[in-house]
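# Reading the structure
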Amino acid sequence: MKARFKRFMSALALLSVEAVLVWLAFFACMLLFVYMAQLVFVQQSTGLDQAMFRFAAAHTSPETTRFMRFISFFASADYLIVVPPLVVLVFAWFRHLQWFALKVLVISLTSSILNQVLKRVFERPRPETAMLEQSGLSFPSGHAMIGGSFYGLLIYIVWRTVPNPILRWLLTIVLTLLLLLIGYSRVYLNVHYATDVLAGFSAGILWLLISIYFMRKLEVIYLRKVERKQA
């Protein structure tokens, strides 16, 4: 009895820590997005953007430019049109991963739509010094926002499904570094301002947290209905 109580209290403590971390991430992302929007559109400050452009310019080389273009591809429209559907198909094949497949499909699609809506709301032109020809508006960065929700979701799935702690941490670090490099590549290539990227990351992770919360609620309701039919 005492052992069961101890296990229950340990699980409750972990749940509380997880809940606190999720709420902290939620409010941090919300505050960061609001601050970036205020900095750009209310204060009209360019200090952070220009400082990041100067930093990138100081480290520019043909090799680095090729690498940044390569990294940027991993959150491009061509990449995101193909890879998330493939992930959905792979996950859908395994019964225990089917809800994750639905999450990848829904979150990838809705984050793309939301990004376009936010771009239309803020209507910030792209930097005139862009190294690549890019259409569309600048704030928030689509690469950062959609990439943030997609790779953030993959990190969430890794933590939920990978039992080996070393492999779990390794995959998390690799995905996190890739996401950060994608964000920096957009600034390096001058196709986005740093404030666009920070706003994109915050909006993408914020939408990811909201989406996971509601989809977990739907999953619980669905499983209850299945249990009732089987009973």
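Residues numbered from 1 in each chain as written. Predicted model: local features only at pLDDT ≥ 70, side-chain atom pairs only at ≥ 80, totals over all residues. Heavy atoms only, no water.

### Quick look at the overall build of the protein chain
- Scanning the protein chain from terminus to terminus reveals eight helices and zero strands.
- Considering only contacts in the protein chain between residues 6 or more positions apart, those separated by 24 or more positions represent 77%.
- As displayed, the protein chain has an accessible area near 14300 Å², and 70% of this comes from carbon and sulfur atoms. (Helix = DSSP H or I, 4+ residues; strand = E, 2+ residues; numbered from the N terminus. Contact = heavy atoms within 4.5 Å. Areas by Shrake-Rupley, 256 points an atom, 1.4 Å probe, with all protein chains shown as cover.)

### Description of the side chain of R168
- Note that R168 resides in helix α7 (residues 165-188).
- Residue classification places R168 among the buried positions, given a relative accessible area of 16%.
- Sequence-distant contacts of R168, defined by excluding residues within four places in its chain, comprise V158, W159, V162 and P163. (Buried < 20%, exposed > 50% of the residue type's maximum accessible area, 1.4 Å probe, protein only.)

### Structural notes on helix α6 (residues 142-161)
- The terminal C-alpha atoms of α6, which comprises 20 residues, lie 28 Å apart, in line with the 28 Å expected from a rise of 1.5 Å per residue.
- The largest bend in α6 amounts to roughly 25 degrees and is located at G148.
- For α6, the buried fraction is high: 17 of the 20 residues fall into the buried class.
- Its side-chain oxygen 3.4 Å from the backbone nitrogen of H143, S141 forms the N-cap of α6. (Expected span 1.5 Å × (residues − 1). Bend = angle between axes of the 7 residues up to and from the residue. Polar contact = N/O pair within 3.5 Å; in protein donor to acceptor, adjacent residues only side chain to side chain.)

### Looking at the packing of helix α2 (residues 47-58) against α7
- With their axes 9 Å apart at the nearest point, α2 and α7 run at an angle of 90 degrees to one another. Between α2 and α7, the angle is such that the two are roughly perpendicular. Contacts between α2 and α7 involve M52, F53, F55 and A56 from the former and Y184, V187 and Y188 from the latter.
- Residue composition of the contact of α2 with α7, grouped by class: seven nonpolar, no polar and no charged. (Axes fitted to C-alpha atoms, helices over the stretch in contact; angles between N-to-C directions. Parallel < 35°, antiparallel > 145°, perpendicular 65-115°, else oblique. Nonpolar A, V, L, I, M, F, W, Y, C, P; charged D, E, K, R; others polar.)

### As for unusual backbone geometry
- Between F139 and the following residue, P140, the backbone shows a cis peptide bond with an omega angle of -5 degrees.
- With respect to the helices, strands and loops of the structure, P140 is situated in the loop between α5 (98-122) and α6.
- One non-glycine residue with positive phi stands out, namely Q44, at about 55 degrees.
- Q44 sits in the exposed class, given a relative accessible area of 62%.
- Look at N190: it is not a glycine, yet its phi comes out positive at around 65 degrees.
- Structurally, N190 is set in the loop between α7 and α8 (194-230).

### Concerning the packing of aromatic side chains
- This structure, assessed with the given rule, holds 19 aromatic pairs.
- Plain terms: the ring middles of F73 and Y79 are 5.7 Å apart, the flat faces sit at 75 degrees to each other, and that makes the pair edge-to-face.
- For F73, a relative accessible area of 40% translates into the label partly exposed.
- With a centroid separation of 5.2 Å and an interplanar angle of 80 degrees, the aromatic rings of Y213 and F214 are classed as edge-to-face.
- Chaining the aromatic ring pairs together yields one cluster made of F33, F41, F122 and F139. (Phe/Tyr/Trp six-rings, centres within 6.5 Å; stacked < 30°, edge-to-face > 60°.)

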